[in-house]
Amino acid sequence: MVELLINKVIGEDWWEQYTGVQEEISANYVRDQLKAFPENEKELRIVIDSPGGDVFEGVTIFNIIRDFARNNPSVKITTYIQGMAASMASIIALAANAVNQENKIIAEDNSTYMIHNAWGAVLGNENDMREAADFFAGIDSMMRNVYMRKTGKSEDDIRS
């Protein structure tokens, strides 16, 4: 079995400027790890313990994992939430299962799974604020669709 660790901030870790420690997971890292997946291996375990991070980097990681699952249907993929799958990491946790329901998602009973609306900082005038609100609404809709497909819940349920 091969393990893919997603145990850091997704995308650029802006906390690095305060801590001096680089703690991030990039799409390139995930792509490289999955390219190196041994041809004869039949099992992949994705271990998630991440506070989330950049939505676009996260979407790319989701798509890389989903593409891997599509192209390797004989590989059993288990996503294991070891501590926290928060924010964008909660989307990434659903990638392999989105392709094949037999790809399991396991969450420890004391782990945290957190979803929320997209957020960010905006500077500018009222037009900039409206544009940003529309932008965030689009991101929220994209994330809700992923959760709705997985859970079968309505948009209103996911929104709440």
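Basis of the calculations
- Residues numbered from 1 in each chain as written.
- Predicted model: local features only at pLDDT ≥ 70, side-chain atom pairs only at ≥ 80, totals over all residues.
- Heavy atoms only, no water.
- Core = buried A, V, L, I, M, F, W, Y, C linked by side-chain atoms within 4.5 Å.
- Buried < 20%, exposed > 50% of the residue type's maximum accessible area, 1.4 Å probe, protein only.
- Helix = DSSP H or I, 4+ residues; strand = E, 2+ residues; numbered from the N terminus.
- Contact = heavy atoms within 4.5 Å.
- Salt bridge = Lys/Arg side-chain N within 4 Å of Asp/Glu carboxyl O.
- Axes fitted to C-alpha atoms, helices over the stretch in contact; angles between N-to-C directions.
- Parallel < 35°, antiparallel > 145°, perpendicular 65-115°, else oblique.
- Left-handed = near helix turned anticlockwise from the far one by under 90°.

Looking at the nonpolar core
Then, in step 1: Ile6, Leu44, Ile61 and Ile65 are the most contacted members of the largest nonpolar core, which has 35 residues in total.
Then, in step 2: Broken down by secondary-structure element, the contributors of at least two residues to this core are strand S1 (2-6), helix H2 (27-35), strand S4 (43-50), helix H3 (55-71), strand S5 (76-86), helix H4 (88-92), helix H5 (95-99) and helix H6 (126-151).
Then, in step 3: Here Ile6 is in contact with Ile25, Ile46, Val47, Ile48, Asp49, Ser50, Ile61, Ile65 and Ile92, once residues within four sequence places are set aside.

Quick word on the side chain of Asp140
Then, in step 1: Position of Asp140 among the secondary structure elements: in helix H6.
Then, in step 2: Those residues within four positions of Asp140 in sequence are excluded, and the remaining contacts are Asn117 and Ala118.

Some words on the pattern of salt bridges
Then, in step 1: All chains considered together, the criterion is met by four salt bridges.
Then, in step 2: Measuring nitrogen to oxygen at the nearest pair gives 3.0 Å for the salt bridge that ties Glu126 to Arg130. Of this pair, Glu126 and Arg130 both sit in helix H6, four residues apart, roughly one helical turn.
Then, in step 3: A relative accessible area of 53% means that Glu126 is categorised as exposed.
Then, in step 4: For Arg130, a relative accessible area of 47% corresponds to the partly exposed category.
Then, in step 5: The partner of Glu155 in a salt bridge is Arg144, with the nearest N and O atoms 3.3 Å apart. Of this pair, Glu155 sits in helix H7 (residues 155-159) while Arg144 sits in helix H6, placing them eleven residues apart in sequence.
Then, in step 6: Among the residues examined, Glu155 registers a relative accessible area of 35% and is labelled partly exposed.
Then, in step 7: By relative accessible area, which is 10% here, Arg144 ends up buried.
Then, in step 8: In the salt-bridge network here, residues are joined through shared partners; they are Arg144, Glu155 and Arg159.

Concerning unusual backbone geometry
Then, in step 1: Even without a glycine there, the phi angle at Ser87 is positive, about 55 degrees.
Then, in step 2: Tracing the backbone through its elements, the reader meets Ser87 in the loop between S5 and H4.
Then, in step 3: Owing to a relative accessible area of 15%, Ser87 belongs among the buried residues under this scheme.

Observations regarding the side chain of Ser90
Then, in step 1: With respect to the element layout, Ser90 can be found in helix H4.
Then, in step 2: Residue class for Ser90 comes out buried when judged on its relative accessible area of 0%.
Then, in step 3: The residues contacting Ser90, other than those within four sequence positions of it, are Ala85, Tyr113, Met114, Ile115 and Tyr147.

As for the packing of H3 against H6
Then, in step 1: It is at 12 Å that the axes of H3 and H6 come closest, and there the two elements cross at 30 degrees. Taken as axis vectors, H3 and H6 run roughly parallel relative to one another. Two packed elements cross with a definite hand, and for H3 against H6 that hand is left-handed. Listed contacts from H6 to Val55, Phe56, Val59 and Phe62 of H3 are Phe135, Ile139, Met142, Met143 and Val146.

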